[in-house]
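Coordinate analysis (summary)
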Amino acid sequence: MEHTTPPPPPPLQQDNSGAPPPPPENEPYSLPYTVTPPRRRFHPTHLLHLITRLLRATLYCLCAPFLFLLLTILNLVEWVLDKLLVSTKESLKAVIQEVWLLGSGIANGVSVILLALFHKEAFDTHLENRQRMHAQQTHNRNISSRNNTPHNGEGGESPKSSQNRDKTTLFTSVCNSDLSDSPTLSHGHHPLSLISSEDIILHRGEERDRVGHIADEALFAQQPSDPALNPLRRSGRKHKRYIVEVDSAHHHEQITTGLLEDLRLNTLLCIDAGIDRVRGAIHSCFHVYEKSSVHQLPAMQKGIKRLEIAKQKLSSAYASLHVLHPRGLISATELDVRGKKEIIMQAGYPYENHTVTTQDGYILPLERIPNRGATNVVYFQHGLFDNSFAWVASGTSASLAFRTWDQGNDVFLGNFRGSFSYDHVDTTITSKAYWNFTMNEHAFQDLSAFIKQIHALKQEELGEDAPISLTVVSHSMGAATMLMYLTRWSMLQRPHGVNAAILLSPAGFHEKLPLWVRILASLFERVIAFLPWINSFRFPSNVIRMLTAKVVQDVKNTPATKDLMAYIVSKILGGDPTGHPFTDVHNVTYNIFAGTSRGVFQHFMQLLKSDKFTAFDYGPEGNMRHYGTPEPLDFAANYKHLDIPIHFLMGLQDMVIHPGDILKHYVTLHDVHPHLAFLKAFPASGHLDFTLGLNDHLISHILHLLPKTPQDPQESPLLPTPLQVLPTSPPPTTTTTTTHPA
């Protein structure tokens, strides 16, 4: 048997990379291979790195106490600065509050002194209200302490009774007030007089039961749950139901703040925002780690990042000072700027807006509270420095337009040129050319276009043969221009389209105007003679109008200053200072004082000097061109041409249009047409009481004058004449917008 030796294994081959070759294939019992890593050679830099780490650790250990002390000092400085800023903020706010209270107290005290000197009745009413308010507060505190007293050994007030006690509403205030001690419940003589009489009215609508149920729950919410302590619950008898409703016209009123109140509140907000952001910036500067992303940055970049954050917060603090700008200090949102459309729709009435274009190119708004099926139409026209807001400003119960619509009439509200409407067909018209008009244009252009448009709308809705009766209710200058329009159209034998006119304190004659008004008007005439660039008298901008409204609101916020302003306004415009409409109507300052022209003022000065009711005097040549005579047209001398009944309503306390001047209108018409002239005097009414301060007696009289049915003239004291159908010429250009309440 021949023995052979196996061949030796092939030698290991190593590639250039230094890695061992793989084991041979097809070797079932190959020996394991051991790979030995190469040795790491020593480098001098390794020792340098080691020494650097040791030195850094040693330095950190040596500087740790100093770093801790430095951080402690920085935190202490930050804490001191933060407390200093907080104290400064609170001190500034306290100073502002004290100055505000001091100023309010001084204004209230001065007003009380002036009331005591000039208006003793208002002063006594003010003191009486203060005493009653104090008594009411004492009564409320006694009730609160009585409710918190344990009963029948119980350990206090139950959570349920406490919850019911906190539900203080208008109904609970009325139901729980002690009315037995009050001699009268009139406005201004009871602690509940703080709630305006316009806000609470007897409810007579469909929701009587629902409102009464709410009042029942409110009353029982204030009564003890124990039958032994509550006689109503003990006896089981029904208590009186207080039917109360909030006036829907004032329910949507926005909160109005005064100018000084805006300054105070926005200054406090500025101090809060500015100092808080400065505190945040200081915090960013003193703290090493501001955000988590900063931890991952090198030391130098950390510092840069902190400085950027601090810079941003300081910039934000500076930006918060923008409220110190006049626009930032005045809150435009805290002002009731609702127009007539919002007031009418929020009161639950329909609304339409018709844009009428006059023959001379003025585009005027004719607003409407539509009652399309009605044949009785009532057209309201405002006076000087006014607009149609006056007819809807006092709520649903005291506004003549709403009450007229409730009676079943179709209501139209006219607005003269310049009354918050400055549109013209010529878009390039200059201000001087636009404001170049007098009372003649109001009468012969504006009223003519309005009445034609009203007849065109009604004939379109009811047919051309419908028996339409148009009654005009106008005030002050609007009443004077209505007389001018009726007289001139009757002289020219043109159909004027009016069946009857109710003139509230009409202008025209100003013979008995107070002496101080004559002197002031004469001085004003001489002043504007040197200012030929003044073409109109109105607020220069909406900002000035807003500021004026806010200043008046500041005066209204204090009871004494409000009473003083009512007294001053009553001496200028007339009327009873108690509950004067200028102070009681919510947003009257913003919505009235519409513009008028220089020509209208000159026309009034001509009437004042001549003591006659004439058209505008253009001079001999101009009068020949406009009237055909060298003298201006005398309307009172031509009252003989009037052919419709005219009712003159005057207030015996009117300081703008003296009752004697209104009586002159009546006597002049009565001498030529006794059956067409009617006169009614109201002893306690001033000039604004016919629009903004209507009482029940005045409203009832005006509503009684309106025709009930045009087919039966005997039912109405107006005695309407046969309808004068206007010519079927194309009506003025109009654009209609109809809106119905939701």
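**Side note on the overall build of the protein chain**
Of regular secondary structure, the protein chain possesses 24 helices and 14 strands. If you take every contact in the protein chain between residues at least 6 apart in sequence, the share linking residues at least 24 apart comes to 76%. When the accessible area of the protein chain is evaluated, it comes to approximately 41100 Å², of which 60% is carbon and sulfur surface.

**Here we look at unusual backbone geometry**
Positive phi is not limited to glycine here, since Phe-385 has a value of about 55°. Checked against the element boundaries, Phe-385 lands in the loop between strand S5 (376-381) and helix H12 (400-406). The phi dihedral of Asp-611 is positive, around 55°, even though this residue is not glycine. Structurally, Asp-611 can be placed in the loop between helix H21 (598-610) and helix H22 (620-626).

**What to know about helix H23 (residues 659-672)**
Between its first and last C-alpha, H23 extends 21 Å over 14 residues, near the 20 Å set by a 1.5 Å rise per residue. Regarding H23, the residues found buried are Pro-659, Asp-661, Ile-662, His-665, Tyr-666 and Leu-669. Against the buried residues of H23 lie helix H15 (477-491), strand S12 (646-651) and strand S13 (677-682).

**Side note on the packing of aromatic side chains**
A ring pair, where both rings are aromatic, is described by two values, the distance of the centres and the angle of the planes. Summed over all chains, the structure comprises 22 aromatic pairs. Between Tyr-362 and Phe-437 the ring centres are 6.2 Å apart and the planes differ by 85°, which places this aromatic pair in the edge-to-face class. Remark: Phe-437 occurs in the loop between helix H13 (431-434) and helix H14 (439-462) and Tyr-362 occurs in strand S4 (residues 362-369); sequence separation between them is 75 residues. Ring plane angle 70° and centroid distance 6.5 Å describe the contact between Tyr-422 and Tyr-434, whose orientation is recorded as edge-to-face. You can see Tyr-422 sitting in the loop between strand S6 (410-414) and strand S7 (423-424) and its partner Tyr-434 sitting in helix H13, a full 12 residues away along the chain. When its relative accessible area of 37% is taken as the criterion, Tyr-422 is described as partly exposed.

**Re the pattern of salt bridges**
Tallying each qualifying case throughout the model produces 21 salt bridges. Arg-368 is paired through a salt bridge with Glu-461; the nearest N and O atoms lie 2.8 Å apart. With Arg-368 in strand S4 and Glu-461 in helix H14, this pair connects stretches of sequence that are 93 residues apart. Overall, the relative accessible area of 0% leaves Arg-368 in the buried class. In this structure Glu-461 comes out as partly exposed when scored by relative accessible area, which is 28%. The shortest N-O distance in the salt bridge between Glu-525 and Lys-609 comes to 3.2 Å.

**Considerations on H15**
In an α-helix, one turn spans 3.6 residues, which is why side chains three or four residues apart end up on the same side. Over its 15 residues, H15 runs 21 Å from end to end, which matches the ideal 21 Å to within 8%, given 1.5 Å per residue. H15 sits mainly inside the fold: 14 of its 15 residues count as buried.

**Quick look at the environment of Ala-500**
Among the structural elements, Ala-500 can be located in strand S9 (residues 500-504). As for Ala-500 and His-647, which are separated by 147 residues in sequence, their C-alpha atoms are 8.3 Å apart.

**Observations concerning the environment of Leu-483**
Tracing the backbone through its elements, the reader meets Leu-483 in helix H15. We classify Leu-483 as buried; its relative accessible area is 0%. In this structure, the C-alpha to C-alpha distance between Leu-483 and Gly-508, residues 25 residues apart in sequence, is 9.0 Å.

**Brief notes about the side chain of Asp-661**
Here Asp-661 lies in helix H23. Here Asp-661 occupies a buried position and makes no salt bridge, while the nearest side chain of opposite charge, Lys-512, is found at 5.9 Å. Not counting chain neighbours up to four residues away, the residues in contact with Asp-661 comprise Phe-509, His-510, Glu-511, Lys-512 and Leu-513.

**Examining the nonpolar core**
One broad trend across soluble globular proteins is that nonpolar side chains are buried collectively. Counting residues in hydrophobic clusters, the biggest one holds 59 residues, and the most contacted among them are Tyr-379, Tyr-485, Phe-613 and Ile-646. Once residues lying within four places of it in the same chain are set aside, the contact partners of Tyr-485 are Ala-443, Phe-444, Leu-447, Ser-448, Ile-451, His-496 and Val-498. Counting 40 residues, the second-largest nonpolar core is a separate cluster that includes Val-378, Phe-582, Val-588 and Leu-706.

**Describing the packing of helix H17 (residues 542-557) against helix H18 (residues 559-573)**
For the pair H17 and H18, interaxial distance at closest approach is 5 Å and the crossing angle is 115°. Seen from H17, the contacting residues are Val-552, Val-555, Lys-556 and Asn-557; seen from H18, they are Pro-559, Thr-561, Lys-562 and Met-565. Of the residues belonging to the contact of H17 with H18, the class tally is 4 nonpolar, 2 polar and 2 charged.

**Let's talk about the pairing of strand S8 (residues 469-475)**
Of all the 7 residues making up S8, 7 are buried; the element is thus mostly covered by neighbouring parts of the structure. What you see with S8 is no split at all: Ser-469, Thr-471, Val-473 and His-475 on one side and Leu-470, Val-472 and Ser-474 on the other are buried throughout. By the bridge criterion, 6 bridges tie S5 to S8 in an arrangement that is parallel. For Asn-376, the partnering residue across the bridge sits in S8 and is Ser-469. Pairing between S8 and S9: 5 bridges, direction parallel. Residue pairing across strands places His-475 opposite Leu-504, the latter belonging to S9. Following the chain from S8 across H15 to the adjacent parallel S9, one finds a crossover that is right-handed.

**Here we look at the pairing of S6**
The two faces of the sheet receive side chains in turn, since in a regular strand these alternate between them. Judged by how many residues are buried, S6 sits mostly within the fold: 5 of 5 residues are covered. Of the two faces of S6, the one carrying Asp-410, Phe-412 and Gly-414 and the one carrying Val-411 and Leu-413 are both buried. When S4 meets S6, the two strands line up antiparallel, connected through 4 bridges. Its bridge partner being in S6, Glu-367 is matched across the sheet by Leu-413. Strand direction decides the pairing type here: S5 and S6, joined by 5 bridges, are parallel. Residue pairing in the sheet places Val-377 in a bridge with Asp-410 of S6. Between the parallel elements S5 and S6, the chain passes through H12 in a crossover that is right-handed.

**Observations concerning the environment of Asp-272**
Position of Asp-272 relative to the elements: it lies in helix H8 (residues 259-286). Residues Asp-272 and Glu-90, 182 residues apart in the sequence, show an inter-C-alpha distance of 8.9 Å. Residues in contact with Asp-272, not counting those within four places in the same chain, are Lys-89 and Lys-93.

**Quick word on the confidence of the model for the protein chain**
When pLDDT drops low, the exact placement of atoms in the prediction is not to be read closely. Here the protein chain averages 75 in pLDDT, and 68% of its residues register 70 or above. Between the elements of the protein chain, mean pLDDT differs from a low of 34, seen in strand S1 (residues 200-202), to a high of 97, seen in S9. Note that pLDDT drops below 50 for residues 153-252; the model gives that stretch 128 contacts with residues more than four away or on any other chain. Confidence drops under a pLDDT of 50 for residues 709-731, and excluding neighbours within four residues, the segment shows 51 contacts in the predicted structure.

**Some thoughts on a nonpolar patch on the surface**
Judged by side-chain polarity, Leu-102, Ile-106, Val-110, Ile-113, Leu-114, Leu-117 and Phe-118 come together as a nonpolar surface patch covering roughly 700 Å² of accessible area. For Ile-106, the position within the fold is in helix H1 (residues 44-118).

**Side note on the packing of helix H16 (residues 515-529) against H21**
When two helices pack together, you describe them by how their axes are tilted relative to each other and by the distance separating the axes. Running from N to C, H16 and H21 cross one another at 135°; their axes reach a closest spacing of 11 Å. Viewed along their axes, H16 and H21 adopt a mutual orientation that is oblique. In the crossing of H16 with H21, the sense of the turn from one axis to the other is left-handed. Of the residues in H21, those in contact with Arg-518, Ala-521, Ser-522, Phe-524, Glu-525, Ile-528 and Ala-529 of H16 are Arg-598, Phe-601, Met-605, Leu-608 and Lys-609. Here the contact of H16 with H21 is built from residues that sort into 7 nonpolar, 1 polar and 4 charged.

How each quantity is defined
- Residues numbered from 1 in each chain as written.
- Predicted model: local features only at pLDDT ≥ 70, side-chain atom pairs only at ≥ 80, totals over all residues.
- Heavy atoms only, no water.
- Helix = DSSP H or I, 4+ residues; strand = E, 2+ residues; numbered from the N terminus.
- Contact = heavy atoms within 4.5 Å.
- Areas by Shrake-Rupley, 256 points an atom, 1.4 Å probe, with all protein chains shown as cover.
- Expected span 1.5 Å × (residues − 1).
- Buried < 20%, exposed > 50% of the residue type's maximum accessible area, 1.4 Å probe, protein only.
- Phe/Tyr/Trp six-rings, centres within 6.5 Å; stacked < 30°, edge-to-face > 60°.
- Salt bridge = Lys/Arg side-chain N within 4 Å of Asp/Glu carboxyl O.
- Lys, Arg positive; Asp, Glu negative; His and termini not counted.
- Core = buried A, V, L, I, M, F, W, Y, C linked by side-chain atoms within 4.5 Å.
- Axes fitted to C-alpha atoms, helices over the stretch in contact; angles between N-to-C directions.
- Nonpolar A, V, L, I, M, F, W, Y, C, P; charged D, E, K, R; others polar.
- Pairing = 2+ DSSP bridges.
- Right-handed = clockwise from strand over helix to strand, strands pointing away.
- pLDDT = per-residue confidence, 0-100.
- Patch = residues over 30% accessible without salt bridge, like charges linked within 9 Å, V, L, I, M, F, W, Y side chains within 5 Å.
- Parallel < 35°, antiparallel > 145°, perpendicular 65-115°, else oblique.
- Left-handed = near helix turned anticlockwise from the far one by under 90°.

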